[in-house]
Amino acid sequence: MSQDERQWELDAMRGLMLVLMTLTHLPTTLSDPLGQPLGYVSAAEGFVLLSAYMAGRVYSTKADQHGTEAMKNAFFNRALKLYACQLALVLFAFTAIAGIGLLSREDAITGLLGFFLERPVVATVSASMLLYSPALLDILPIYIVFMLVSPLALLHGMAHGWRGVIAISLVLWFGAQFGLGPATYQMATGWFDMPLRYQDMGAFEILAWQLLWVIGLWLGSMHSQPDHVPAAFPRWMVRTALVLTLSAFVWRHAVGQTPMPAGSVVNLMFDKWHLGPLRLINLLALLVLVMHYGDWLKRHAPRWRPLETLGKAALPVFCAHLVVALLALAMFGASRPGRPGSVDALILFVGFYALWVVARVSLARDRRAARRRAIKAQTPRRALSPSGAGQ
């Protein structure tokens, strides 16, 4: 998407999600109070949904303008780029971060990379196959899978409608709530010798989180159509969404990030990793409000240019925030009572300054590449004679 075609509000929202994820992952005292700030929904859900929405819009337009093969190639190339980023992050974690953690004997790192430290060869091979995904490095692998299967969902939705795709997605999400993922893993271990435990394959239950991707892909595809009419929600739905959102917001900040005491079944209903039903309802209520009040907010909310800058360079900034978080954990450990506030201030300042620099450098590189493409496209090609000599 060119700079002229970009919607600043979408970039700002992605930038906001990146800021919230960074605040959550950096080991400071702000991690807990600013985690899930809008209720029992984290920035990860918003980032996945928004990324899928952007993919649905961009690649649907590409299919309409350049054909389905161009769209499939674009998805594959994006997945390849994400895979390269994942390999670079894994290499960084298994070398620099593991080394610092071992030298400093930092439990936060030795725990995070426990399987790698126990079986480094198996962990390295498994990570390159997107099977082993330690904490913080388990997000890009599901993105890669989503990118690879998205052409099938998108083409079916564009040709036959989205009811069937969404129905299958809901069935998979429902199955994930009752152990479909572990059951599939157990079945696989009966066929293959799996050296990995299920919990080493990442915290995110991909069979549940695919529902967010499908919803975002569907909305993006619908909104890419020239004859698209903005959704008009009935008043009762908006009011219900407002009540649910405000209730979850008050509840979260009154009792903390865990809604009920340990052992309560209600906590499973809000579970992040399985995208529990009450968490999903909380997210959908927020989505209704954003879509209903979006135009009003766009007209009246101030534009925060730094958020737009971060959002425009979402992938480099996302990778950079993981690097910063891993370095902070390796050098300072997890946040703990009694640590000087100056240490947290240093982590936050250096971390966000690094993200800003990465975003600016990435955007400057993209602008240079765009100028080179424009110059190349405008340069007239000299006609060649049959013998190859210029005329």
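Scroll up a little and you will see the structure.
Residues numbered from 1 in each chain as written. Predicted model: local features only at pLDDT ≥ 70, side-chain atom pairs only at ≥ 80, totals over all residues. Heavy atoms only, no water.

Enquirer: Looking at this structure, I do not really get the packing of aromatic side chains. What am I missing?
Expert: The relative placement of two aromatic rings is captured by the distance of their centres and the angle of their planes. Applying the stated criterion to the full structure yields 16 aromatic pairs. Ring centres of Y40 and W251 lie 5.7 Å apart, and the angle between their planes is 75 degrees; on these two criteria the pair is classed as edge-to-face. A residue pair is termed long-range when its members are at least 10 positions apart, and Y40 in the loop between α1 (8-25) and α2 (43-66) and W251 in helix α11 (residues 235-255) qualify at 211 residues. Residue Y40 is classed as buried on the basis of its relative accessible area, which comes to 0%. The exposure class of W251 is partly exposed, given its relative accessible area of 29%. Ring geometry for W251 against F270: centres 5.4 Å apart, planes inclined by 90 degrees, an arrangement best described as edge-to-face. Pair noted here: W251 is in helix α11 and F270 is in the loop between α12 (265-269) and α13 (277-300), with a separation of 19 residues, a long-range link. (Phe/Tyr/Trp six-rings, centres within 6.5 Å; stacked < 30°, edge-to-face > 60°. Helix = DSSP H or I, 4+ residues; strand = E, 2+ residues; numbered from the N terminus. Buried < 20%, exposed > 50% of the residue type's maximum accessible area, 1.4 Å probe, protein only.)

Enquirer: Quick question: what am I supposed to make of the packing of α2 against helix α7 (residues 140-160) here?
Expert: What describes two packed helices is the angle between their axes and the distance between those same axes. Interhelical geometry of α2 versus α7 gives an angle of 50 degrees and a closest axis separation of 11 Å. One element, α2, and the other, α7, form an angle in the oblique class. Both α2 and α7 take part in a crossing whose hand is right-handed. Only Y143, M147, L154 and M158 of α7 make contact with α2, whose side of the interface consists of F47, V48, S51, A55, Y59, S60, A63 and D64. Each residue belonging to the contact of α2 with α7 can be placed in one class, and the counts come to 9 nonpolar, 2 polar and 1 charged. (Axes fitted to C-alpha atoms, helices over the stretch in contact; angles between N-to-C directions. Parallel < 35°, antiparallel > 145°, perpendicular 65-115°, else oblique. Left-handed = near helix turned anticlockwise from the far one by under 90°. Contact = heavy atoms within 4.5 Å. Nonpolar A, V, L, I, M, F, W, Y, C, P; charged D, E, K, R; others polar.)

Enquirer: Just checking my understanding: could you explain the packing of α1 against α2 for this structure?
Expert: It is at 9 Å that the axes of α1 and α2 come closest, and there the two elements cross at 150 degrees. Comparing their axes, α2 and α1 come out roughly antiparallel. As for the relative orientation of α1 and α2, their crossing is left-handed in sense. Across the interface between the two elements, L10, M13, R14, M17, L18, L20 and M21 of α1 pack against A43, A44, G46, F47, L50, Y53, M54 and R57 of α2.

Enquirer: Please explain the side chain of R279 as it appears in this structure.
Expert: With respect to the helices and strands, the residue R279 is situated in helix α13. Overall, R279 belongs to the buried group, its relative accessible area being 3%. Within the structure, the side chain of R279 is placed 2.4 Å from the side chain of Q36, a separation counted as a polar contact. At 2.8 Å, the side chain of R279 forms a polar contact with the backbone oxygen of F270. Those residues in contact with R279 that lie beyond four places of it in its chain are Q36, Y40, V41, S42, E45, M269, F270, D271 and K272. (Polar contact = N/O pair within 3.5 Å; in protein donor to acceptor, adjacent residues only side chain to side chain.)

Enquirer: Explain unusual backbone geometry to me, please; I cannot follow it from the model alone.
Expert: Leaving glycine out, the prevailing phi sign among residues is negative, and the prevailing peptide bond configuration is trans. Its identity as a non-glycine residue notwithstanding, Q36 has a phi of 50 degrees, on the positive side. Relative to the helices and strands, Q36 is located in the loop between α1 and α2. In this structure Q36 comes out as buried when scored by relative accessible area, which is 8%. Located in the positive-phi region is L136, a residue other than glycine, with phi close to 75 degrees. Of the residues examined, L136 reaches a relative accessible area of 14% and is grouped as buried.

Enquirer: Can you walk me through the pattern of salt bridges in this structure?
Expert: Opposite charge on two side chains makes pairing possible when the charged atoms of those side chains draw close. Under the definition given, this model contains 8 salt bridges. Its salt-bridge partner being E308, residue R303 comes within 2.8 Å of it at the nearest N-O pair. Classification of R303 as partly exposed rests on a relative accessible area of 36%. Judged by relative accessible area, which is 3%, E308 ranks as buried. In this structure, D366 and R365 form a salt bridge, with 3.9 Å as the shortest nitrogen-oxygen distance. For D366, a relative accessible area of 35% translates into the label partly exposed. Residue R365 is classed as partly exposed on the basis of its relative accessible area of 44%. (Salt bridge = Lys/Arg side-chain N within 4 Å of Asp/Glu carboxyl O.)

Enquirer: Please clarify how the nonpolar core should be interpreted in this entry.
Expert: Soluble globular proteins tend to bury their nonpolar side chains together. The biggest cluster of nonpolar side chains holds 96 residues, and the ones touching the most others in it are W209 and W213. Once you skip the residues sitting within four places of it in the chain, W213 turns out to touch V48, S51, A52, A55, Y143, F146, M147 and S150. Counting 5 residues, the second-largest nonpolar core is a separate cluster that includes V238, A241, A285 and V288. (Core = buried A, V, L, I, M, F, W, Y, C linked by side-chain atoms within 4.5 Å.)

Enquirer: Honestly, a nonpolar patch on the surface in this entry has me stumped. Any pointers?
Expert: There is a patch of nonpolar side chains on the surface, built from L346, F349, V350, Y353, V357 and V361 and spanning about 590 Å² of accessible area. The topology assignment puts L346 in helix α16 (residues 341-378). (Patch = residues over 30% accessible without salt bridge, like charges linked within 9 Å, V, L, I, M, F, W, Y side chains within 5 Å. Areas by Shrake-Rupley, 256 points an atom, 1.4 Å probe, with all protein chains shown as cover.)

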